[in-house]
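# Notes for the structure review
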Amino acid sequence: MSASRITGRLRRLNKTQKLSAAGVSAVAAAALSLSLVPGNAEAETEPQALSAAPVIFDSAGSKQVKAIQDSVIEQHSTAEKLVKAADAAKAKKAAAVKEKAEAKAKKAKLKKAKAKAHAKAKARKAAASRGHQAAGRSSARTHLFANNLDGWIKESLSIMKAKGIPGTYEGLHRNIMRESSGNPNAINDWDINAINGVPSIGLLQIIKPTFDYYHVTGTPHTQYDPVANITASANYAADKYGSIDNVNSAY
């Protein structure tokens, strides 16, 4: 192998390989220098002119150069193997880090999904519990008060008593029959309230602003609910007239 080819190969090595190869090349250069020194070099005291003729190595010198070339090639091969081994170890470590990160992300995702499922199950359970409670209240209401005008008035009176709102069965019934004939869905669509966009609605024909203001807590917030309509209207009448019993005309 020529010196130029060795130099070219060294250029392709990394820093560590170059240092190793450089050391070997230095040894080779020293060996070449020794082999080129004439046998009587110690006896000469004057500088000698270099011959322009090509240097010819003897058999021993050629073997020495060949051995150095083989050593350089072996060093290069060893360095390449070390680099490949280092790259493989680095890739293996990176793969392990990636696998660990993916496992962590998967665990977090499963934990989040489990928490979400638990929250949904809890919400369904709470909704079911509320449904049972509502059903229980409805059943109790149905059991205590009939779902008709008589039952609505009696239930309203029980709430009015608890809230301190005055009124009697007769006063409520009389005004209900005058205002709606006992129809909880009755709507006045012709008077001034209707013209202003707030029609009178329900058993006691109450408009929404008045209903909202005098609504009694514990009853549905809708004018169409018979009990809510009666109690809100009785509450308003108590504030304006002292009691629904004192109302004998439109109020």
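Thresholds, definitions, all that
Residues numbered from 1 in each chain as written. Predicted model: local features only at pLDDT ≥ 70, side-chain atom pairs only at ≥ 80, totals over all residues. Heavy atoms only, no water. Buried < 20%, exposed > 50% of the residue type's maximum accessible area, 1.4 Å probe, protein only. Helix = DSSP H or I, 4+ residues; strand = E, 2+ residues; numbered from the N terminus. Arc of directions from axis to C-beta. Contact = heavy atoms within 4.5 Å. Phe/Tyr/Trp six-rings, centres within 6.5 Å; stacked < 30°, edge-to-face > 60°. Patch = residues over 30% accessible without salt bridge, like charges linked within 9 Å, V, L, I, M, F, W, Y side chains within 5 Å. Areas by Shrake-Rupley, 256 points an atom, 1.4 Å probe, with all protein chains shown as cover. Salt bridge = Lys/Arg side-chain N within 4 Å of Asp/Glu carboxyl O. Lys, Arg positive; Asp, Glu negative; His and termini not counted. Charge placed at Lys NZ, Arg CZ, Asp CG, Glu CD.

### Digging into helix 5 (residues 169-179)
An α-helical turn contains 3.6 residues, so a residue and the one three or four places further along point in the same direction. Listed as buried for helix 5 are Gly-171, Leu-172, Asn-175 and Ile-176. Projection of helix 5 onto a plane perpendicular to its axis shows the buried side chains occupying an angular sector of 125°, all on one side. Looking at the buried residues of helix 5, the elements they touch are helix 4 (149-163) and helix 8 (226-241). Of the residues one or two after helix 5, Ser-181 is the one with positive phi, at around 60°.

### Here's the deal with the packing of aromatic side chains
Per the counting criterion, the structure on display carries three aromatic pairs. Where Tyr-214 meets Tyr-236, the ring centres are 5.4 Å apart and the plane angle is 70°; that geometry is what we call edge-to-face. Here Tyr-214, found in helix 7 (residues 208-214), pairs with Tyr-236, found in helix 8; they are 22 residues apart in sequence, far enough to count as distant. When the centroid spacing of 5.8 Å and the interplanar angle of 35° are considered together, the rings of Tyr-236 and Tyr-251 count as tilted. Remark: Tyr-251 occurs in the segment after helix 8 and Tyr-236 occurs in helix 8; sequence separation between them is 15 residues.

### Examining unusual backbone geometry
Here Ser-181, not a glycine, exhibits a phi torsion of approximately 60°, which is positive. Within the secondary structure, Ser-181 sits in the loop between helix 5 and strand 1 (187-188). Judged by its relative accessible area of 58%, Ser-181 is exposed. Despite not being glycine, Gln-205 has its phi angle at roughly 45°, a positive value. In this fold, Gln-205 is placed in the loop between strand 2 (200-201) and helix 7. The exposure class of Gln-205 is buried, given its relative accessible area of 13%.

### Quick look at a positive patch on the surface
On the surface, Lys-112, Lys-116, Lys-120 and Arg-124 cluster together to form a positively charged patch. One can find Arg-124 in helix 3 (residues 59-144).

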